[in-house]
2 protein chains.
Amino acid sequence: MKKLINDPEHVVAESVEGFGWAHSDIVEVRLDPLLVLRRGGAVAGKVGLVSGGGAGHEPLHAGFVGVGMLDAAVPGAVFTSPTPDQILPGLTAADSGSGVLAIVKNYTGDVLNFETAVELAEDEGVSVAVVVVDDDVAVKDSLYTAGRRGVAGTVAVEKIAGAAAERGDDLASVAAIAARVNANVRSMGVALTACTVPHVGRPSFDLPDDEVEIGIGIHGEPGRHRIPAASADVITGMLLDPVLEDLEVARGENVLLFVNGMGGTPQSELYVVYRQAHRLLEERGIIVARSLVGNYVTSLEMQGASVTVLRLDDELTELWDAPVHTAALRW
Amino acid sequence: MKKLINDPEHVVAESVEGFGWAHSDIVEVRLDPLLVLRRGGAVAGKVGLVSGGGAGHEPLHAGFVGVGMLDAAVPGAVFTSPTPDQILPGLTAADSGSGVLAIVKNYTGDVLNFETAVELAEDEGVSVAVVVVDDDVAVKDSLYTAGRRGVAGTVAVEKIAGAAAERGDDLASVAAIAARVNANVRSMGVALTACTVPHVGRPSFDLPDDEVEIGIGIHGEPGRHRIPAASADVITGMLLDPVLEDLEVARGENVLLFVNGMGGTPQSELYVVYRQAHRLLEERGIIVARSLVGNYVTSLEMQGASVTVLRLDDELTELWDAPVHTAALRW
């Protein structure tokens, strides 16, 4: 294992500390427990947005803290849920009195720990709504999940719910918007290589030199099947087809097309995937109204990509377009 | 070799075509010869900025085309200079009558091909100034270079010269600003792994599992020396020290600190490097006034990073802060 780290036990804290120094105009970092907060704290009259989960998926979630998106991100150890004790101060710090929406990816540990933290926060008088993101169509139930996994669609939930909170929607409305995004977003990914968790020191799984894993999870959980390495165009079709089938997008509908890199994929390859996904959507008469391409929900240095489609209506489009000022997403 | 590509011969064109579709609000892509142009074409009264070079370093340069940065980018084949015939239409398309600044990384092929294209453009009545970027302190002369190589500092040259052009500076002034940035920026990189050029199909060099290459070039050219894999903090010091020594930054001066990923490095590791570089600069009394962290000048899927320091004065800071709207840099 070769990594640009010091002690594997301290990699998350050191990385988040560096992140805080690099983006001190946007965030404030607390080290004990580890938290990334929107600079200036909770905004009066605004619903707070909190997300979190295991580290190793950067820029998710800390990279999405800032104006128009999250108020707090809670990073756990690599691929490990943050504890309730760590989530709780994230929830309270994000509350200005207007309540907090917790955005949780659907993994058993995350769901349980957030549930416990939410109970504790409510005991302290914070109103909390929860949305569980489960956009991955690859598998139903998996190594760490009951039901579908939450993957790259989380970015859309955080961006759009963040814009709704920023314009002044109340907690019930922000939660409803987040649920609407989750209901209309689907993803599926592929891995070309495994990744290595620092404190484990060996690749999470074995993938032969001539095979790829279709439907991979963002922690390297098994997908649907392994196939001999194929062309980008063939693989893109194998990712997009189940997404569209599950989402039942109709001809003439507008979508956001999001091609996400798993961390170790050259950007040029992501655009080759984007090109084919865009072509396949156009062939079906689906309108690619918005797009996003890049490393947003990663699995350390894994090579691979995922394709996410979000069905857009006018309101979701307007909220997607609303200004955002975070380390990883800015317009 | 596993890559998300189709035919290795078409990967650059397909990727650039996908890039153009994903960012059609910012750029226009021409496929023959391959060119990425600022949407809407040359801006009346504004000096045009053109850069280019081998593909495989994305988002450089196409990701920096747009308001406040480049007017045209000319991508060659992977790690191969674009031809004069391809550069020429980039230069003419970027000219609104106010002249064009060509920003060229210091590699023999790029310098020669741009020189030829500049002569041809001048024959057609376009005034062209050239700045050659050579910020890499690792080696003097190398596999593809007489003198120092141009690496991540190119981003600073393109951003700051782009802002000078956008505010209406004339060609001589924009060229002088670009030269001033180049005179005040230095970089050095490290590779943990090699990358594989698609049409070659095998890694560019061999790097044992327990060694890293200090001073690597962005095409995998040899650096200064190989060392046994060390901690991020040790490696960061080995990159930063020669940069500061060469740049002769004094206590109390302001700098931009830029930690660049080579393409396959997890973002969390880049922030571990950033943290240590920031600490080392502060220890020397140097003020980190601005920062940038991410994959901006890559080498396909190479794992590694580079550290760039730019000495800032008030004008360079103001131009760095000026609005930019490109696919890869936006504020």
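In the nomenclature of an unreviewed UniProt entry, chain A is known as phosphoenolpyruvate--glycerone phosphotransferase of Sanguibacter gelidistatuariae.

A. Structural context of unusual backbone geometry. Residues and elements named next belong to chain A. Note the cis peptide between Leu60 and His61, where omega equals -10°. One can find His61 in the loop between strand E3 (48-55) and strand E4 (66-67). Although it is not a glycine, Glu248 adopts a positive phi angle of roughly 50°. Considering the arrangement of structural elements, one finds Glu248 in the loop between helix H6 (232-247) and strand E11 (254-261).

B. A look at the UniProt feature "domain: DhaK" (unreviewed entry) in chain A. Feature annotation in UniProt places "domain: DhaK" (unreviewed entry) on residues 7-331 of chain A, given in this structure's numbering. Annotated as residues 7-331 of chain A, this span is 33% helix and 25% strand, and its ends, taken at the C-alpha atoms, are 36 Å apart.

C. Spotlight on the domain arrangement of chain A. All names here are of chain A. As assigned here, chain A comprises domain 1 (8-183) and domain 2 (185-321). The gap between the C-alpha centroids of domain 1 and domain 2 is 22 Å. Counting residues at the interface gives 38 residues for domain 1, matched by 39 residues for domain 2. Taken together, the two surfaces of domain 1 and domain 2 that pack against each other cover about 3,200 Å², and 64% of this comes from carbon and sulfur. Run the count over domain 1 and domain 2 and you get 4 salt bridges. Counting the contacts that link domain 1 with domain 2 gives 19 residue pairs in polar contact (both at pLDDT 80 or more). Elements with a minimum of two residues in the side of domain 1 that touches domain 2: helix H4 (153-166) and helix H5 (171-183). Per element, the largest residue contribution to the side of domain 1 that touches domain 2 is 7 residues, and it comes from H4. For the side of domain 1 that touches domain 2, a count of residues per class yields 23 nonpolar, 5 polar and 10 charged.

D. View of the pattern of salt bridges. All names here are of chain A. This structure, assessed with the given rule, holds 38 salt bridges over all chains. Across the pair Asp313 and Arg180 runs a salt bridge whose closest N-O atoms are separated by 2.8 Å. With a gap of 133 residues between them, Asp313 in the loop between strand E13 (304-312) and helix H8 (314-321) and Arg180 in helix H5 connect regions that are remote in the sequence.

E. Broad picture of the sheet that holds E11 of chain A. All names here are of chain A. What the 6 strands build is an open sheet, ordered E10-E9-E8-E13-E11-E12; its pairing is mixed. Of all the strands in the sheet, just strand E10 (225-228) and strand E12 (287-294) have a single pairing partner and so form its edges. With strand direction ignored, the average angle separating the axes of adjacent strands in the sheet is 20°. Seen against the sheet, H4 touches strand E8 (185-191), E11, E12 and E13 and runs at an angle of roughly 40° to E13.

F. Examining the packing of H4 of chain A against H5 of chain A more closely. Residue and element names in this part refer to chain A. Between H4 and H5, whose axes approach to 9 Å, the crossing angle comes to 155°. If you check the angle between H4 and H5, you find them roughly antiparallel. Handedness of the H4/H5 crossing: right-handed. Contacts from Ala156, Val157, Ile160, Ala161, Ala164 and Ala165 of H4 reach H5 at Val174, Ile177, Ala178, Val181 and Asn182. Across the contact of H4 with H5, the residue classes break down as 10 nonpolar, 1 polar and no charged.

G. Examining the environment of Gln267 of chain A more closely. Assignment of secondary structure puts Gln267 of chain A in helix H7 (residues 267-283). In sequence terms Gln267 of chain A and Gly294 of chain A are 27 residues apart; their C-alpha atoms lie 6.8 Å from each other. Beyond its immediate sequence surroundings of up to four residues, Gln267 of chain A is in contact with Glu58 and Pro59 of chain B.

H. Quick look at the interface of chain B and chain A. Listed by partner, the interface residues are 52 residues for chain B and 52 residues for chain A. Here chain B packs against chain A, burying approximately 4,400 Å² in sum over the two surfaces, 60% of which is carbon and sulfur. Summed over the three residues of chain B that lose the most area to chain A, namely Lys2, Leu4 and Trp21 of chain B, the buried surface amounts to 21% of that side. In this structure, the connection of chain B to chain A is made through 6 salt bridges.

I. How the structure looks around helix H5 (residues 171-183) of chain B. Residues and elements named next belong to chain B. Helix length check: H5, at 13 residues, gives a terminal C-alpha distance of 18 Å against a target of 18 Å (1.5 Å per residue), a fit within 8%. For H5, the set of buried residues is Leu171, Val174, Ala175, Ile177, Ala178, Val181 and Asn182. Buried residues along H5 cover an arc of 160° about the axis, so they all sit on one side.

J. A look at the relation of the copies chain B and chain A. Rotating chain B by 180° and translating it 0.0 Å along the rotation axis places it on chain A, where the RMSD comes to 0.0 Å. Both copies are brought into coincidence by an operation consistent with a two-fold rotation axis. Residue Gly264 of chain B, judged by its C-alpha, is the member of chain B lying nearest the rotation axis, at 1.9 Å. Here 100% of the interface residues in chain B have copies in chain A that are interface residues too; the copies meet face to matching face.

K. Just the side chain of Thr196 of chain B, in detail. Residue and element names in this part refer to chain B. Its location among the elements puts Thr196 in the loop between strand E8 (185-191) and strand E9 (211-214). Taking the relative accessible area as the measure of exposure, Thr196 reaches 10% and is therefore buried. Contacts of Thr196, omitting those with residues within four sequence positions, involve Met1, Lys3, Gly201, Arg202, Pro203, Leu300 and Glu301.

Here is what the cut-offs are and how they apply
- Residues numbered from 1 in each chain as written.
- Chains lettered and ligands numbered in written order.
- Predicted model: local features only at pLDDT ≥ 70, side-chain atom pairs only at ≥ 80, totals over all residues.
- Heavy atoms only, no water.
- Helix = DSSP H or I, 4+ residues; strand = E, 2+ residues; numbered from the N terminus.
- UniProt positions renumbered as here; feature names shortened; annotations may be inferred.
- Domains from an automatic or database assignment.
- Contact = heavy atoms within 4.5 Å.
- Buried area = accessible area lost by both parts, 1.4 Å probe.
- Salt bridge = Lys/Arg side-chain N within 4 Å of Asp/Glu carboxyl O.
- Polar contact = N/O pair within 3.5 Å; in protein donor to acceptor, adjacent residues only side chain to side chain.
- Nonpolar A, V, L, I, M, F, W, Y, C, P; charged D, E, K, R; others polar.
- Pairing = 2+ DSSP bridges.
- Axes fitted to C-alpha atoms, helices over the stretch in contact; angles between N-to-C directions.
- Parallel < 35°, antiparallel > 145°, perpendicular 65-115°, else oblique.
- Left-handed = near helix turned anticlockwise from the far one by under 90°.
- Expected span 1.5 Å × (residues − 1).
- Buried < 20%, exposed > 50% of the residue type's maximum accessible area, 1.4 Å probe, protein only.
- Arc of directions from axis to C-beta.
- Least-squares fit on C-alpha atoms with pLDDT ≥ 70 in both.

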